[in-house]
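# Descriptive analysis of the structure
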Amino acid sequence: RAEEIGDRVLNGEAVAFVSDAGMPGISDPGERLIAHCIEHDIPFEVLPGASASLTALITSGLPSREACFVGFLPRSGKERREAIARLARHKGSLIIYESPLRVSATAAELAEAWGNRQAVLLRELTKLYQETVRSTLTGLAEAYAHKPPKGEVVLVISGAEEQTGEASLEETLSRLLSEGVSAKDAAKQASALLDVSRNEAYKMALELQGK
């Protein structure tokens, strides 16, 4: 009935979708209604739950099945690189909290590591100046490169698609090695990113290091 509900909203009616099974939009038809509203530019609001993460996920319109709440990524170094590598193969949407001052840099870093995925920035949820920006990782990086968003920010990013890791193993290792990562750590991170054997990745890392 999404089309029927959408038409009623466009005709000026106020329609509330409620669920007897918890937060609407999580594992129920509310997700399909949100998708219909986004596709047809029909206005909607999500009433706040106990956490901004669920409100952000539902409002984003990205799939809620197997979604992963990440919270804040590690700030820098090996711990951050390994966290990004671990999350790269997750098939569900990723919910990330981030400082508005770091949104552009983080989006650019994730685009380089994961590819240019769909990404939604949600700002000031449930407040007067609430805003939703649907774009890609590269799009967000460019949009906020010179003027960071204001207020509290949540990023929701689409999950990984099926891919073959062999084609990009050399490229991934080369990038990590050029950043000063050791061959051992580069192999570990590339293995997590691309789902390839760590021994295979380590062997190639040594070969690249010797060139």
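Structural data are supplied above this passage.
Structure report, in brief.

Take the overall build of the chain next. Each helix and strand in the chain was counted, giving nine helices and five strands. The linear arrangement of helices and strands in the chain, starting from the amino end, is α-α-α-β-α-β-α-β-β-α-β-α-α-α. Expressed along its principal axes, the backbone C-alpha trace of the chain runs to roughly 70 × 35 × 30 Å. With 211 residues in all, the chain has 42% of them scored as buried. Considering only contacts in the chain between residues 6 or more positions apart, those separated by 24 or more positions represent 66%. Between the averaged position of the 24 positive side-chain charges in the chain and that of its 30 negative side-chain charges there is a distance of 7 Å.

What follows covers unusual backbone geometry. A positive phi is found at aspartate 41, a non-glycine position, where the angle reads about 55 degrees. You can see aspartate 41 is positioned in the loop between α2 (30–39) and α3 (52–60). A positive phi angle is found at glutamate 66, which is not glycine, with a value near 60 degrees. Mapping glutamate 66 onto the fold places it in the loop between α3 and β1 (68–72).

With that settled, consider the side chain of serine 158. As for its position among the elements, serine 158 is in the loop between β5 (153–157) and α7 (166–178). By relative accessible area, serine 158 is classed as buried at 12%. Not counting residues up to four positions away in its chain, the partners in contact with serine 158 are Leu62, Gly92, Ser93, Arg117 and Gln118.

Here is what the cut-offs are and how they apply
Throughout this document, residue positions are counted from 1 along each chain, in the order its sequence is written. Residue-level local features of this predicted model are given only where pLDDT is at least 70; pairs of side-chain atoms are given and counted only at 80 or more, and the full residue set underlies all totals for whole chains, interfaces and linings. Working from all heavy atoms in the structure, the side-chain values ignore hydrogens and water. To qualify as a helix, a DSSP run of H or I must reach at least 4 residues; to qualify as a strand, a run of E must reach at least 2; elements of each kind are numbered from the N terminus. Relative accessibility under 20% of the residue-type maximum defines a buried residue, over 50% an exposed one, and the middle range a partly exposed one, all with a 1.4 Å probe and only protein chains included. The contact criterion used throughout is that any non-hydrogen atoms of two residues lie within 4.5 Å. Charged residues are defined narrowly, with Lys and Arg counted positive, Asp and Glu counted negative, and His plus the chain ends left uncounted. Think of each charge as sitting on NZ of Lys, CZ of Arg, CG of Asp or CD of Glu.

It is worth stressing that arrangement in space is one thing and function is another; only the former is reported here.
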